[in-house]
Amino acid sequence: MKIATAQRLLTRCVAVAALCLAIQACKEDLYTNLEEREANAMVAVLLQKGIPASRVIQKNGKLSVTVEESQFAQAVTALNEAGLPKTQFATMGSVFKQEGLVASPVQERAQMIYALSEELSRTVSEIDGVVSARVHVVLPDNDPLQRNAVPASASVFIRHEPGLDINTLIPQIKTLVANGIAGLTYEKVSVIPVAAATTNPTNPNTELTSFLGIWLLPESAAKAKWMFGALIGAVLGLAAALAYLLMHRKRRRIFPLVPVEPAK
C-alpha cells in the first residue's frame, strides 16, 4: 500500500511540474525589469486587446510581462499603439551630475537646454490621451550688447490617441511650454500633433481552451497537452520500474537464496 501511495504522490508532483514546464515553454518575455504600475498597465492593455498576458516576479524584485509565443508580434504592436512602456526622460539631477572637475560654459548651456527639453517632454507626456511627446527648445546665444537679439523658440511634437480632441489642448500646451522657459513667448511655441496609427485590433472574443483549469490559446493548449502526455508517460514508466525494483528487493528479503552444496 505504501508503495502504491508513493507512486501516486510522485506521479502527481511530477505531473504538476510537467504542466508548469509545458505552459512556461509556451511563454515569451515581452518586457523585463518593470515597475509594478507599468507592468499592470501593460497587462491591462493586452487583456483588453484579447491577448493573454501575465506578470512574473524576477529575482531583483522587478516584474516581467510574458505572452504566448504566437501572440508576441500582436502584443508588441498593441503596446506601441498605447505608448507603452513609457519613454524614460532624463531629469535635471541626472543631466547636471558632475563628472569632471570644471564644466565649460558651452557644456553647461547644452546641458541646460537638454534638461529643459526632457523635463517639458515628460510633463506633456503625462497629459491624458497623449501617447508620446517631444519638446525641442532653441535658446540662441545672443550677445548682451546686440540690439536685434534672436528670440527663443520651441517645437512640440505630440503623438496622441485618434479619439483625442487635440485642438482644445494645443493652447494649454503652448502656455505650459512658454511659461517653463525664461524669455520664451507664446507665439514662438509651435505644436505639431499627429494621431497614432491604429491596426486592426485583436478580436477580444478570442476563443480560449481550458487545460487542467488554465485557459490557453488553442495552439498553446495543444502543445501543452502533448508535452504533458509525453512527460506523464515517462513518469509512469519510471514509477513502474521503481515498483518492480522495490518488489524484487522485498521478495529477496522474504525468500533469500540458499546456497546449494555440491554433491559428494
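The structure displayed is predicted, hence computed values, not measured ones.

## Considerations on the overall build of the chain
Along the chain, the regular secondary structure elements total seven helices and eight strands. Considering only intrachain contacts with a sequence separation of at least 6, the fraction spanning at least 24 residues in the chain is 64%.

## A short note on the nonpolar core
For soluble globular proteins, nonpolar side chains are generally found buried alongside one another. Judged by nonpolar contacts, the single largest core of 21 residues is most densely connected at V135, V156, I158, I173, V177 and L184. Sorting the residues of this core by element identifies α5 (105–125), β4 (130–138), β5 (153–160), α6 (170–180) and β6 (189–195) as the ones contributing at least two each. Once residues within four sequence positions are removed from consideration, V177 is found in contact with L120, V135, A154, V156, L184 and V189. L30, L34, A39 and L63 belong to the second-largest nonpolar core, a separate cluster that totals 16 residues.

## Considerations on the packing of α5 against α6
Two numbers describe how α5 lies on α6: the axes approach to 11 Å, and their chain directions differ by 150 degrees. Relative to α6, α5 is oriented roughly antiparallel. The chirality of how α5 crosses α6 is right-handed. When α5 is examined against α6, the residues L116, L120, T123 and V124 are found in contact with a partner set consisting of I173, L176, V177 and G180. For the contact of α5 with α6, the class distribution of residues is six nonpolar, two polar and no charged.

## Points about α6
Along an α-helix, a turn takes 3.6 residues, which lines up residues three or four apart on a common side. I170, I173, K174, V177 and A178 are the residues of α6 that are buried. Seen along its axis, α6 keeps its buried residues to an arc of 130 degrees; they face one direction. What points out from α6, more than 90 degrees from its buried face, is the exposed set Q172 and N179. Of the surrounding secondary structure, the elements contacted by the buried residues of α6 are α5, β4, β5 and β6.

Here is what the cut-offs are and how they apply
Residues numbered from 1 in each chain as written. Predicted model: local features only at pLDDT ≥ 70, side-chain atom pairs only at ≥ 80, totals over all residues. Heavy atoms only, no water. Helix = DSSP H or I, 4+ residues; strand = E, 2+ residues; numbered from the N terminus. Contact = heavy atoms within 4.5 Å. Core = buried A, V, L, I, M, F, W, Y, C linked by side-chain atoms within 4.5 Å. Buried < 20%, exposed > 50% of the residue type's maximum accessible area, 1.4 Å probe, protein only. Axes fitted to C-alpha atoms, helices over the stretch in contact; angles between N-to-C directions. Parallel < 35°, antiparallel > 145°, perpendicular 65-115°, else oblique. Left-handed = near helix turned anticlockwise from the far one by under 90°. Nonpolar A, V, L, I, M, F, W, Y, C, P; charged D, E, K, R; others polar. Arc of directions from axis to C-beta.

It is worth stressing that arrangement in space is one thing and function is another; only the former is reported here.
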